[in-house]
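Single-letter residue listing:
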Amino acid sequence: MTIKDIFESMDYGPAPESAVEALAWLADRGGIAGHFINGKWDALRDDFPSNNPATGEKLAGVTKGTAEEVAKAVAAARKAQPKWAKDGAARARVLYAIARLMQKNARLLAVMETLDNGKPIRESRDIDIPLAIRHFYHHAGFAQLMDAEMPDAEPLGVCGQIIPWNFPLLMLAWKIAPALAMGNTVVLKPAEYTSLSAMIFAEICTAAGVPPGVVNIITGDGETGAELVAADVDKIAFTGSTAVGRIIREQTAGSGKALSLELGGKSPYIVFEDADIDSAVEGLVDAIWFNSGQVCCAGSRLLVQEGIADRFYAKLRTRMDGLRIGDGLDKCIDVGAIVDPVQLAQIKAMVDANTAGETYQCAAPKTELRGCFYPPTLITGLAPSDTLMQEEIFGPVLVATTFRTPAEAIEIANNTRYGLAASVWTENINLALDIAPKLVSGIVWVNATNLMDAAAGFGGVRESGFGREGGWEGLMGYTKPKIKSGGKSAKVTAPTPFTTQDGTPADPLDRTAKLYIGGKQARPDGGYSQPVFDKSGKLLGHASIANRKDLRNAIEANAAAKGWSTSTGHLRAQILYYVGENLSARADEFATRIKQLTGGRTGSKEVDDAISWLFTWAAWADKHDGAAKGVPIRGVALAMPEPVGNIAILTDDTRPLMGLIEPLAPALAMGNRVTAVASHAFPLAATDFYQVLETSDLPAGVANILTGSHTELAPHMAAHANIDAVWSFSTADVSKVVEAKSTSNIKRTWVNHRQSRSWPSSIWRAQSTEIKTIWFPYGE
Ligand code: NAI
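Residues numbered from 1 in each chain as written. Predicted model: local features only at pLDDT ≥ 70, side-chain atom pairs only at ≥ 80, totals over all residues. Heavy atoms only, no water.

Identification of the protein as Aldehyde dehydrogenase from Octadecabacter arcticus 238 is taken from an unreviewed UniProt entry. Taken from UniProt, the Sequence similarities (unreviewed entry) comment for the protein reads in full: "Belongs to the aldehyde dehydrogenase family." (UniProt positions renumbered as here; feature names shortened; annotations may be inferred.)

Dropping the structure here:
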């Protein structure tokens, strides 16, 4: 055989990694994975097996956690938390020690991960474990800096964390490192298929000096996960399927528990005709065959520009034929096993049910494989609406279609209910920079794919979930603002409207304040209004009662005003200053109105606060900058704040004017379009305020103001597909409905009934924006 032959066949002999040490490690512990509670192993039972998917052999028995065991772990975490939160520098030392010990045990961790999950050792050794270690190093730094750099932040308390099986140790690191860095304690549940690397991690914690109770691990399946969601925790952080994410959102609604959801995806991989085609083909190997496509951000939807499609597919098929499939412990393997027969059956069923397009499967030998293997698959010629173009397969299956123009590429790319990641391949920097902001996704890779780092935010929009992991933005998910001494907590109970003694209107004129929709005053669809009295029973006027149709009209007006979201911060600043000035010119009138509505309370302080707040957000409109993250590759990760989109707001019922202005100003400043429902009890200051908006150059439809019942409107707001986030400053009952009904499109919610009103500006800015992480090649 000549060297040329070898290069052409790429025929390698096997290069097996030894499993001896990992198997001995398991045997030494009785072959059972179970709970690690309060620094000790607890309840080790062989309730169900954990198998090696490459061979089908049992690796260990796993304990299925019960409600009592979960409660015990949560109690241990609760007890340990106050002391752990005290000293950031001490936490940093412990996190550094964890990172160093993971490094020392890297090979054991990598082999265990491959045995348990089936992924190639090349991936676990070179990607999963190093990235997990980097996460602890990086977050050790955040622990060190927390006291000095985040003086307004404090830990949430006890975090329940539920992770999937596709990156068992890496997901553990993504969850545990930021939580511990910010002074929380954790109870983590690994996925039922892959609990073993978490066992090694637990022992590393002990060796690193993690105090008992700070890290607790509970093994088990979905039922154990549900017990953790129901337990006395302050937050649930979940990564997994969209279906389970929905269940958890519903379960936690109204509980006051913080929640982050990192769910599925159907991420587009867009190749323009001027791309470096060989690089783009090689990129696809990482995009869809990395971890057998069992990756939430997998580039699973290939969009190729028509002119190069045939050539591109031909090159791709040739590359597929060179992929080596097999037992991941062989260092020559490119594509390993699927995690479990259940997942394999799901992939097979989805592909077998498809009749559209043309299917090509990898020609690599597969007959001798005993475990859960599925051949790399390419299905071309699909229409954007075909099931396999829309549904997540979570396997090594790439589906493809073509496009003609950049505009069409964007349209197809965004034609999905998900929004996690996207890859753009072009040698034209102008095109890349034009496309990146137009993609609806949390992450964009330019001429790259599947890049992740502890410094860069990771997470999605739409049904891919909410919240970010990694970077400064990821820390938000593990902290809450300190309630400053003297800061008031928002009242939970709303005032009831004043009623007249005899029902006689003091003012015979019909003064019915209309709704404000699309820059115009609009009569309510239902034709109903509510009388509004002052404290002495004098009729002040009527306020319209908005219904579902009015809400729909308002959302349509918001959508039509989308130019606001791409307008410059400078322009938004000018307009907000103008709004503030116009309010200032009518300050006395508003002060009188507030006094009338609230019955004697002076209104001028509230008006002054509103004016000052508008000026503050005019100031912020062009100063909420993003960041350029230093990442350890030849590139840079930009953190670009983008508006959330359409935000619906149920305003604070206790302050007639400020209740509206407080959320409205930051939301508008950051480029969102808003539909706000005014205070139910005191609606007339808000309706007076739209006269200010009318004279302030705010484009029509950017801000709509409705009046009516929060209870009536909340479920429709939460369920509306074109609302991207709902903020509820209303009562606890209303907020609960908002959270529970938000599952229709997994929208962001922000409910405040339990927290102080004196949020720092960083919280308003974070709630008003999505961070898009854009990775560019950069530097040497
Ligand atoms: P899953 O969402 O059921 O499991 C993820 C984790 O949630 C596991 O730890 C599981 O035990 C736990 N869990 C399940 N039901 C729960 C409940 N009711 N309450 C609390 N925790 C619960 O995912 P599964 O069934 O393993 O995979 C199914 C599909 O989910 C995959 O085919 C894929 O489409 C998607 N998936 C997405 C992942 C991602 O990274 N976004 C990761 C894993 C799966």
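Colleague: An account of helix 13 (residues 341-353) is needed here, citing residue identities and associated values.
Modeller: For helix 13, with 13 residues, the first-to-last C-alpha span of 18 Å sits near the 18 Å given by 1.5 Å per residue. For helix 13, every residue scored as buried is listed here: Gln343, Leu344, Ile347, Met350 and Val351. Within helix 13, the buried residues cover an arc of 135 degrees as seen down the axis, which keeps them to one side. Across helix 13 from its buried face, at more than 90 degrees, point the exposed residues Pro341, Asp352 and Ala353. (Helix = DSSP H or I, 4+ residues; strand = E, 2+ residues; numbered from the N terminus. Expected span 1.5 Å × (residues − 1). Buried < 20%, exposed > 50% of the residue type's maximum accessible area, 1.4 Å probe, protein only. Arc of directions from axis to C-beta.)

Colleague: Can you explain helix 15 (residues 406-413)? Please cite residues and give values.
Modeller: Taken as a whole, helix 15 has its buried residues at Ala409, Ile410, Ile412 and Ala413. Angularly, the buried residues of helix 15 cover 165 degrees about the axis, an arc narrow enough to put them on a single face. Seen from the open side of helix 15, the exposed residues pointing more than 90 degrees away from its buried face are Ala407 and Glu411. The elements touched by buried residues of helix 15 are strand 12 (268-271), strand 13 (301-305), strand 16 (397-403) and helix 16 (429-435). (Contact = heavy atoms within 4.5 Å.)

Colleague: Could you give me a rundown of the side chain of threonine 219, with the residues and numbers involved?
Modeller: Within the element layout of this structure, threonine 219 appears in the loop between strand 9 (215-217) and helix 9 (222-230). With residues near it in sequence (within four places) discarded, threonine 219 still touches Ala33, Gly34, His35, Val62, Thr63, Lys64, Gly65, Lys189, Pro190, Ser195, Met199 and Thr224.

Colleague: Break down the packing of helix 20 (residues 569-585) against helix 22 (residues 604-620) for me, citing the residues and quoting the values.
Modeller: Interhelical geometry of helix 20 versus helix 22 gives an angle of 170 degrees and a closest axis separation of 8 Å. Judged on the interaxial angle alone, helix 22 and helix 20 are roughly antiparallel. Considering only the axes of helix 20 and helix 22, their crossing is left-handed. Two secondary-structure elements touch here, helix 20 through Ala573, Leu576, Tyr577, Val579, Gly580, Glu581, Leu583 and Ser584 and helix 22 through Ala610, Ile611, Leu614, Phe615, Trp617, Ala618 and Ala619. Taken together, the residues that form the contact of helix 20 with helix 22 break down as 12 nonpolar, 2 polar and 1 charged. (Axes fitted to C-alpha atoms, helices over the stretch in contact; angles between N-to-C directions. Parallel < 35°, antiparallel > 145°, perpendicular 65-115°, else oblique. Left-handed = near helix turned anticlockwise from the far one by under 90°. Nonpolar A, V, L, I, M, F, W, Y, C, P; charged D, E, K, R; others polar.)

Colleague: I'd like to hear about the packing of aromatic side chains, residue by residue, with values.
Modeller: Applying the stated criterion to the full structure yields 22 aromatic pairs. Between phenylalanine 136 and phenylalanine 201 the ring centres are 5.5 Å apart and the planes differ by 35 degrees, which places this aromatic pair in the tilted class. In this pair, phenylalanine 136 is assigned in helix 6 (residues 121-149) and phenylalanine 201 in helix 8 (residues 196-208), connecting sequence segments 65 residues apart. Exposure remark for phenylalanine 136: the relative accessible area of 0% places this residue in the buried category. With a relative accessible area of 0%, phenylalanine 201 lands in the buried category. (Phe/Tyr/Trp six-rings, centres within 6.5 Å; stacked < 30°, edge-to-face > 60°.)

Colleague: Talk me through the side chain of histidine 624; I want residue IDs and the actual numbers.
Modeller: Residue position: histidine 624 is located in the loop between helix 22 and strand 26 (627-630). Within polar-contact distance, the side chain of histidine 624 engages the side chain of arginine 765 at 3.2 Å. If near-sequence neighbours (up to four positions away) are discounted, histidine 624 is found in contact with Pro641, Met670, Arg765 and Thr769. (Polar contact = N/O pair within 3.5 Å; in protein donor to acceptor, adjacent residues only side chain to side chain.)

Colleague: Explain the UniProt feature "active site" (unreviewed entry) in the protein residue by residue, including any values.
Modeller: Within the UniProt annotation, "active site" (unreviewed entry) is assigned to Glu262. On the basis of relative accessible area, glutamate 262 is assigned to the buried category, the value being 4%. Sequence-distant contacts of glutamate 262, defined by excluding residues within four places in its chain, comprise Phe238, Thr239, Gly240, Cys296, Leu420, Phe458, Ser464 and Glu469.

Colleague: Report on the domain arrangement of the protein, specifying residues and quantitative values.
Modeller: What the domain assignment lists for the protein is domain 1 (19-51 + 60-262), domain 2 (268-460) and domain 3 (516-623 + 646-768). Using C-alpha coordinates to define each centre, domain 2 is positioned 43 Å away from domain 3. (Domains from an automatic or database assignment.)

Colleague: Can you tell me about the environment of methionine 476, naming the residues and giving the values?
Modeller: Of note, methionine 476 is situated in the loop between helix 17 (471-475) and strand 20 (479-481). A relative accessible area of 35% means that methionine 476 is categorised as partly exposed. With 290 residues separating them along the chain, methionine 476 and alanine 766 place their C-alpha atoms 8.4 Å apart. Among residues more than four places away in sequence, those in contact with methionine 476 are Ser762, Ile763 and Ala766.

Colleague: With reference to specific residues and values, describe a negative patch on the surface.
Modeller: There is a patch of like negative charges on the surface, built from Glu273, Asp274, Asp276 and Glu427. Secondary-structure assignment places aspartate 276 in the loop between strand 12 and helix 11 (277-288). (Patch = residues over 30% accessible without salt bridge, like charges linked within 9 Å, V, L, I, M, F, W, Y side chains within 5 Å. Areas by Shrake-Rupley, 256 points an atom, 1.4 Å probe, with all protein chains shown as cover. Salt bridge = Lys/Arg side-chain N within 4 Å of Asp/Glu carboxyl O. Lys, Arg positive; Asp, Glu negative; His and termini not counted. Charge placed at Lys NZ, Arg CZ, Asp CG, Glu CD.)

Colleague: If you had to explain the state of the cysteines to someone new, which residues and values would you point to?
Modeller: Evaluation of the coordinates by the stated rule reveals 0 disulfides. The structure places no disulfide on cysteine 297, whose sulfur is separated from the nearest cysteine sulfur, that of cysteine 296, by 4.7 Å. Looking at cysteine 297, the relative accessible area reads 1%, which means it is buried. The thiol of cysteine 332 is unpaired, and the distance to the nearest cysteine sulfur, on cysteine 362, comes to 16 Å. The exposure class assigned to cysteine 332 is buried, which follows from its relative accessible area of 14%. (Disulfide = S-S within 2.5 Å.)

Colleague: Residues and numbers for the pattern of salt bridges, please.
Modeller: Inspection of every chain in the model, using the stated rule, returns 36 salt bridges. For arginine 107, the salt bridge is made with glutamate 17, and the minimal N-O distance between the two is 2.8 Å. Taken together, the residues span a long stretch of sequence, with arginine 107 in helix 5 (residues 106-117) and glutamate 17 in the loop between helix 1 (3-9) and helix 2 (20-28) at a distance of 90 residues. Residues arginine 319 and glutamate 282 are paired through a salt bridge, measuring 2.9 Å at the closest nitrogen-oxygen approach. Of the two residues, arginine 319 is situated in helix 12 (residues 309-321) and glutamate 282 in helix 11; the sequence distance between them amounts to 37 residues. Take glutamate 282: its relative accessible area is 38%, and that puts it in the partly exposed class. Members of the salt-bridge network, linked through shared partners, are Arg246, Glu391, Arg417 and Glu463.

Colleague: Provide a residue-level description of the site of the ligand, including the pertinent values.
Modeller: Taken together, the neighbourhood of the ligand is formed by 27 residues, with Ile163, Trp165, Glu192, Ser241 and Leu263 sitting nearest. Separating an oxygen atom of the ligand from a side-chain N or O atom of serine 241 is a distance of 2.7 Å. Across the complex, the protein chains shield 88% of the 800 Å² of accessible surface that the ligand would expose by itself. It is helix 9 that contributes the most residues to the shell around the ligand, 4 residues altogether. (Near = heavy atom within 4 Å.)

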